[in-house]
Amino acid sequence: NKKYPREIYNNLDNSDKGKDVRRQLRKHLLEQQKYVCAYCCSSIDENSTLNEHIYPKESYPQKSMDYNNIVASCNDKKSQNQSCGSKKGNKFDEKLFVSPLEKDCESHFKFYPDGRIEGLDERGKYTIEILGLNSYRLVRARAAAYKNCESLYDKELIYEYYIKPQNGKYSAFIDMNRYFYNKGYYDNL
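The paragraphs below set out a description of the structure included in this document. (Residues numbered from 1 in each chain as written. Predicted model: local features only at pLDDT ≥ 70, side-chain atom pairs only at ≥ 80, totals over all residues. Heavy atoms only, no water.)

**Re the packing of helix α5 (residues 155-163) against helix α6 (residues 174-182)**
Between two packed helices, what matters for the description is the angle formed by their axes and the separation of those axes. One can describe the packing of α5 onto α6 by two numbers: an axis separation of 10 Å at closest approach and a directional angle of 160°. Between α5 and α6, the interaxial angle falls into the category roughly antiparallel. The two elements α5 and α6 meet at a crossing, and its hand is left-handed. For the pair α5 and α6, the contacting residues are Lys155, Glu156, Ile158, Tyr159, Tyr162 and Ile163 in the first and Ile174, Asn177, Arg178 and Tyr181 in the second. Class assignment of the residues belonging to the contact of α5 with α6 gives a composition of six nonpolar, one polar and three charged. (Axes fitted to C-alpha atoms, helices over the stretch in contact; angles between N-to-C directions. Helix = DSSP H or I, 4+ residues; strand = E, 2+ residues; numbered from the N terminus. Parallel < 35°, antiparallel > 145°, perpendicular 65-115°, else oblique. Left-handed = near helix turned anticlockwise from the far one by under 90°. Contact = heavy atoms within 4.5 Å. Nonpolar A, V, L, I, M, F, W, Y, C, P; charged D, E, K, R; others polar.)

**Comments concerning α6**
Most of α6 is tucked away: seven of the nine residues are buried. Among all positions of α6, only Ile174, Asp175, Met176, Asn177, Tyr179, Phe180 and Tyr181 are buried. On its buried side, α6 packs onto β3 (109-111), α4 (136-150) and α5. Following α6 by one or two positions, Gly184 adopts a phi angle in the positive range, close to 85°. (Buried < 20%, exposed > 50% of the residue type's maximum accessible area, 1.4 Å probe, protein only.)

**Here we look at unusual backbone geometry**
Located in the positive-phi region is Lys34, a residue other than glycine, with phi close to 55°. As for its placement among the helices and strands, Lys34 is situated in the loop between α1 (16-32) and β1 (49-53). With a relative accessible area of 26%, Lys34 lands in the partly exposed category. The phi dihedral of Tyr35 falls on the positive side, at around 65°, and the residue is not glycine. Within the fold, Tyr35 resides in the loop between α1 and β1.

**Notes on the pairing of strand β2 (residues 70-74)**
Extensive coverage of β2 is indicated by the burial of five of its five residues. Of the strand pairs in this sheet, β1 and β2 are connected by five bridges, and their pairing is antiparallel. Looking at β2, one finds that Glu52 is bridged to Val71. (Pairing = 2+ DSSP bridges.)

**Observations concerning the packing of aromatic side chains**
Applying the stated rule across the entire model yields eleven aromatic pairs. A ring pair is formed by Phe92 and Phe97, whose centres lie 5.3 Å apart and whose planes are at 55°; its orientation type is tilted. Each member of the pair, Phe92 as well as Phe97, carries the same accessibility label: buried. The interplanar angle of 45° and the centroid separation of 5.6 Å between the aromatic rings of Tyr159 and Tyr181 together place this pair among those described as tilted. A residue pair is termed long-range when its members are at least 10 positions apart, and Tyr159 in helix α5 and Tyr181 in helix α6 qualify at 22 residues. Under the relative-accessibility criterion, Tyr159 is labelled partly exposed at 34%. (Phe/Tyr/Trp six-rings, centres within 6.5 Å; stacked < 30°, edge-to-face > 60°.)

**Brief notes about the pattern of salt bridges**
Between side chains of opposite charge, a pair can form as their charged atoms come close. A complete count under the given rule lists seven salt bridges for this structure. In this structure, Arg23 engages Asp20 in a salt bridge whose closest nitrogen and oxygen atoms are separated by 4.0 Å. Of this pair, Arg23 and Asp20 both sit in helix α1, separated by three residues, roughly a single helical turn. The partner of Glu160 in a salt bridge is Lys164, and the shortest N-O contact between them spans 3.2 Å. Judged by relative accessible area, Glu160 falls into the partly exposed class, the value being 31%. Using a relative accessible area of 35% as the deciding quantity, one classes Lys164 as partly exposed. (Salt bridge = Lys/Arg side-chain N within 4 Å of Asp/Glu carboxyl O.)

The following block contains the structure:
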């Protein structure tokens, strides 16, 4: 962004070099995020993700090339039950949206074993709604992930397999797994 201050993200599609930059950025974001979506924490790979702009690139073109504004997100644009970056699109209120890059972002949410997520304040509620974090697909997947953890009957095994990264990757729904682990849900299994 500093080297090409007038450049905008959408212009990257105009050349093979630009398209390669997008692919390299996506790969780097995936590695940095340990292969989970920045918003819902489901597992993603190079074929199931998009480079998502927290501040939408159409509304904030000056931030479109800012590395601190881009995360890897689920890409389910074809699904009728969209979530995350596909659902958010250009809808965005910077005062209400909880960025996944905020140090305390998880403090705005509460998880339930049935897979639901609840916003603990106005920002959390807004973010859940705009990202579709309680979509049918995500609620079912989180509930299944909770049951998988619970079925191990051993807190340390849960930590080893569902919280600690394996081969540079987090398990799906690391945020929820960590939430239940830290709240003591698995202490008496």
